[in-house]
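Each chain is listed here by its residues.
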Amino acid sequence: MRLSRYFLPVLRDTPKEAEIVSHQLMLRSGMVKQSAAGIYSWLPLGLRVLTKIAEIVRQEQNRAGAIEILMPTMQSADLWRESGRYEAYGKEMLRIVDRQERDLLFGPTAEEVVTAIFRDSVRSYRDLPKNLYNIQWKFRDEIRPRFGVMRGREFLMKDAYSFDLTADGARKAYQRMFVAYLRTFARMGLKSIPMKADTGPIGGDLSHEFIILAETGESQVFCHKDLIEGAIPAADTDFDGDLSPIIEAWTSKYAATEDMHDAATFEANVPADSRVSARGIEVGHIFYFGTKYSEPMGARVQGPDGQMITVQMGSYGVGVSRLAGAIIEASHDAGGIIWPVPVAPFEVGLINLKAGDADTDRAATDLYVKLQAAGIDVLYDDTDERAGGKFATMDLIGLPYQLIVGPKGVKSGEAEVKARRTGARASMPMDAALAHVIDSVVSQRVLV
RNA sequence: CGGAGCGUAGCGCAGCCUGGUAGCGCACCAGUCUGGGGGACUGGGGGUCGCAGGUUCAAAUCCUGUCGCUCCGACCA
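Everything quoted here is computed from the prediction, not taken from an experiment.

**Student:** Would you mind going over the pattern of salt bridges with me for this structure?
**Tutor:** Where side chains of opposite charge bring their charged atoms close, a pairing between them can arise. Going through the model one piece at a time under the given rule, you end up with 29 salt bridges. Put simply, D377 and R48 hold a salt bridge, and the shortest N to O gap is 3.7 Å. Placement of the pair is D377 in the loop between α11 (358–373) and β20 (378–381) and R48 in helix α2 (residues 44–63), with a sequence separation of 329 residues. Overall, R48 belongs to the partly exposed group, its relative accessible area being 27%. A single salt-bridge network, built from bridges that share partners, covers E60, R63, R183 and R187.

**Student:** Help me understand the layout of surface pockets in this model?
**Tutor:** In this approach, a probe sized like a water molecule rolls over the atoms, and the result shows the empty space that is left. Each pocket or cavity is described by its volume, and for the largest pocket that value is around 1200 Å³. As for the largest pocket, its lining consists of 46 residues, and the residues nearest its centre are R140, E209, E282, H285 and F287. A per-element tally of the lining of the largest pocket places strand β13 (residues 275–290) first, with seven residues. Of the residues belonging to the lining of the largest pocket, the class tally is 19 nonpolar, 12 polar and 15 charged. Forming the walls of the second largest pocket are 23 residues, and the residues nearest its centre are K196, H208, T251, S252 and K253. Secondary structure elements with two or more residues in the lining of the second largest pocket: α6 (167–187), β9 (192–196), α7 (244–251), β12 (255–257) and α8 (263–269). Tallied by class, the residues present in the lining of the second largest pocket amount to 10 nonpolar, seven polar and six charged.

**Student:** Can you walk me through empty space enclosed by the protein in this structure?
**Tutor:** Going through the model one piece at a time under the given rule, you end up with two cavities of 30 Å³ or more. Considered as a void within the structure, the largest cavity measures approximately 50 Å³ in volume. Looking at the largest cavity, the residues that line it are Y40, W42, W137, V149, G152, E154, F155 and S321. Going through the elements one at a time, β2 (39–42) and β8 (154–164) are the ones with two or more residues in the lining of the largest cavity. Classifying every residue of the lining of the largest cavity gives five nonpolar, two polar and one charged. In this structure, the second largest cavity occupies an estimated 40 Å³ of space. In terms of lining residues, the second largest cavity is bounded by M71, P72, T73, Q75, G107, A110, N134, Q136, W137 and K138. Among the elements that take part in the lining of the second largest cavity, strand β7 (residues 130–139) stands out by supplying four residues, more than any other. Residues of the lining of the second largest cavity, tallied by class, amount to four nonpolar, five polar and one charged.

**Student:** For this particular structure, what's the right way to read the sheet that holds strand β4 (residues 74–76)?
**Tutor:** Adjacent strands of a sheet form backbone hydrogen bonds with each other and so pair up, either parallel or antiparallel. A sheet is described by the order of its strands in space; here three strands give the open sequence β4-β6-β5, paired in antiparallel fashion. Two strands bound the open sheet, and with one partner strand each, they are β4 and β5 (94–97). Going across the sheet, the axis of each strand differs from the next one's by a mean of 40°, ignoring polarity. Pairing analysis gives four bridges linking β5 to strand β6 (residues 103–106), with the strands arranged antiparallel. In the sheet register, V97 faces β6, and the bridge partner there is D103.

So, how was this worked out
Residues numbered from 1 in each chain as written. Chains lettered and ligands numbered in written order. Predicted model: local features only at pLDDT ≥ 70, side-chain atom pairs only at ≥ 80, totals over all residues. Heavy atoms only, no water. Salt bridge = Lys/Arg side-chain N within 4 Å of Asp/Glu carboxyl O. Helix = DSSP H or I, 4+ residues; strand = E, 2+ residues; numbered from the N terminus. Buried < 20%, exposed > 50% of the residue type's maximum accessible area, 1.4 Å probe, protein only. 1 Å grid on protein atoms, 1.4 Å probe; cavity = no way out; pocket = protein on both sides within 12 Å on 5 of 7 lines; lining within 4 Å. Points joined across faces, edges and corners; volume = space filled by probe spheres on them. Nonpolar A, V, L, I, M, F, W, Y, C, P; charged D, E, K, R; others polar. Pairing = 2+ DSSP bridges. Axes fitted to C-alpha atoms, helices over the stretch in contact; angles between N-to-C directions.

Right, here's the structure in full:
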């Protein structure tokens with residue numbers, strides 16, 4: 001993409017309503033624009049990030065055996081009356097009345113919808129297990145939206161729902177999502193830590209929040225330091241096999257958010273020099289809830305002995321739009337955002353330092369064409385802005401690599417490569433610079 | 001919902017107390033000079049001062065109401 005033809009409304013000053021760094025940088029880099037409290041438009045740069053995050057989530061859900069569907073944003077109140085949640089949910093649920101005076105709502109979650117889909121379509125235990133997920137906009141009328149997209153009212157969420165015949169089957173479904181989440185967040189360059197979460201009325205140990213550490217995190221978290229560098233399951237993990245060893249490795253060491261924290265247990269089980277107390281951001285939440293919805297909504301299948309069996313369910317959320325902010329919280333510096341390659345809106349920023357100069361234009365255009373031909377997402381700054389402004393903008397929007405072409409370099413046949421994360425710059429022959437950038441990007445794209 | 005603030009150009013702000021032609025920086029447009037980390041000069045364009053009432057000869061400024069937004073708290077992916 002040529003910057004001269006793109007829509008990238010960057011701001012030099014920080015809008016005063018933005019309090020935390022991810023919100024400030026998302027506004028400054030022209031990723032999002034607030035439309036109302038907690039409601040945002042996603043501008044081109046932000047949309048590219050959102051799309052890349054969603055695609056990683058999708059790939060890992062599919063790998064773990066979940067099947068994508070798409071459920072509506074508008075839901076019927078009658079479904080929620082079946083589960084008893086229409087009255088129970090409270091003011092967080094946005095209720096709407098249509099022209100026929102029917103009660104609707106903008107879905108804050110989709111247990112009822114998916115349970116209805118399942119019960120109307122599945123009759124036999126032979127059809128289990130199943131895990132259906134969708135990536136869809138949700139709305140929760142938060143009392144106080146804040147922190148930009150980290151705590152918006154409208155947000156993009158991946159929510160998966162598992163259906164099993166037995167509690168043991170549900171545990172296996174839970175484990176598949178657990179492993180999928182470890183991979184999902186790692187692929188975005190995040191170190192996530194599964195932490196014990198409140199299981200509500202069901203009890204047991206099947207609820208975890210996936211937390212990433214960031215100074216501006218919303219809650220205090222406590223864990224064993226080994227978990228920060230925990231091993232990520234490989235791409236060829238057998239999701240049909242026994243995942244217990246992986247789960248065991250991640251859950252045997254202490255990790256809890258402040259509401260689940262027990263200082264005595266923490267100090268008894270974790271050596272003093274391994275205790276981590278930090279701020280965390282919740283980016284995923286998985287839990288098993290048994291028959292909470294299947295029972296009142298009549299989601300049953302016929303078992304091998306002819307008896308009707310109420311299915312065991314679990315649900316698994318990932319805050320997709322929240323992740324855009326969370327990644328920035330975890331990866332930025334004074335100059336702006338530092339995108340990990342897999343979620344970067346563009347992988348390379350090509351800077352023409354003297355647009356309009358025939359030789360420089362020719363060299364930059366040549367690199368632009370070759371980068372595109374190599375399948376690299378490249379943003380080519382072909383504007384006639386001054387060098388300083390171009391560098392500042394490129395640092396702000398955080399593309400992982402900058403390829404800098406100026407008249408001096410062109411004379412000697414050289415271009416400069418800058419790695420955004422380290423700030424390291426190196427001048428090298430055009431072809432070498434091109435190869436270096438391509439190799440760097442390709443090697444960081446996918447976690448194997 | 002309780003507490004505290006803020007609404008003046010795209011962004012950041014001054015002006016309001018003490019009523020009298022709506023300003024500054026950045027951004028934007030034209031031109032000249034510049035040209036490797038947000039350059040300089042000259043000349044421009046852009047505003048129902050959130051909205052509605054009221055007081056007044058006169059309201060961004062005073063009064064009343066209302067809407068929006070932000071921060072702290074309870075709530076949450």
